[in-house]
Amino acid sequence: GAEGVGVVVAAGAEADYAAGDRVAFIGGGYSEYTRVKARLCNAVDEGGDAAEQTAARVSGLTAAVALGHTAPVTSGDVVVVTACCGATGSFAVQLAKAAGASVVGTVGSAAKVDAAKQLGVDRVLNYRHESLADVLAAEYPGGVDVAYEGVGGALLG
């Protein structure tokens, strides 16, 4: 909620942006007007969808850093993604699949099962009906390579 996309109304002399420029920013996302430091802005496509541009900036970057640097995913890896239909989870699924990984994704509703399949999740698990720990033990006895946990709390408990 702190991030957003908007149109610059006024800019300081040293800013890289001018009135009328469309930018993504961090700070004041819930406001009609906000004051943001130019270094916290990035130019975005005029015709793009504001919600997608905001999500890509924050959620996409979060997933990219996690799966590209913190726990680099490579072809053949098995990656667990919790909340795989959420903002960062959906980016994590796509990045893991692009790297050639097999993805186990968790969801909390029947509707999200279909959404996860459309994202490319190889094994969708509705945690309201199946235990992640039991599924991993039975179907992935060799373990998994990366667990992208974006929910909080016990992952296998």
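Residues numbered from 1 in each chain as written. Predicted model: local features only at pLDDT ≥ 70, side-chain atom pairs only at ≥ 80, totals over all residues. Heavy atoms only, no water.

This brings us to the overall build of the chain. Each helix and strand counted, the chain has four helices and seven strands in total. Secondary structure elements in the chain, listed N-terminal to C-terminal, are β-β-β-α-β-α-β-α-β-α-β. With respect to the principal axes defined by its C-alpha atoms, the chain has extents near 60 × 30 × 30 Å. By residue count, 32% of the 157 residues in the chain fall in the buried class. Long-range contacts, defined as pairs at least 24 residues apart, comprise 47% of the intrachain contacts of the chain with a sequence gap of at least 6. As presented, the chain carries roughly 9,000 Å² of accessible surface, and 53% of it is formed by carbon and sulfur atoms. If you average the places of the 10 positive and of the 17 negative side-chain charges in the chain, the two averages end up 4 Å apart. (Helix = DSSP H or I, 4+ residues; strand = E, 2+ residues; numbered from the N terminus. Buried < 20%, exposed > 50% of the residue type's maximum accessible area, 1.4 Å probe, protein only. Contact = heavy atoms within 4.5 Å. Areas by Shrake-Rupley, 256 points an atom, 1.4 Å probe, with all protein chains shown as cover. Lys, Arg positive; Asp, Glu negative; His and termini not counted. Charge placed at Lys NZ, Arg CZ, Asp CG, Glu CD.)

Time to look at the pattern of salt bridges. Summed over the entire model, instances satisfying the criterion amount to three salt bridges. Here Asp 122 makes a salt bridge to Lys 97, at a shortest N to O gap of 2.8 Å. Residue Asp 122 is found in the loop between α3 (110-119) and β6 (123-126), and its partner Lys 97 is found in helix α2 (residues 87-98); the two are separated by 25 residues along the sequence. Notably, a salt bridge pairs Arg 123 with Glu 130, separated by 2.8 Å at the nearest N-O pair. Arg 123 sits in the buried class, given a relative accessible area of 17%. Residue classification places Glu 130 among the partly exposed positions, given a relative accessible area of 31%. Several salt bridges share partner residues, and in doing so they unite Arg 123, Glu 130 and Glu 139 into one network. (Salt bridge = Lys/Arg side-chain N within 4 Å of Asp/Glu carboxyl O.)

Attention now goes to the pairing of β6. Two faces belong to every sheet, and in a regular strand the side chains alternate between them. The side-chain alternation of β6 yields two buried faces, one formed by Arg 123 and Leu 125 and the other by Val 124 and Asn 126. Across four bridges, the pairing between strand β5 (residues 102-107) and β6 is parallel. For Val 107, the partnering residue across the bridge sits in β6 and is Asn 126. (Pairing = 2+ DSSP bridges.)

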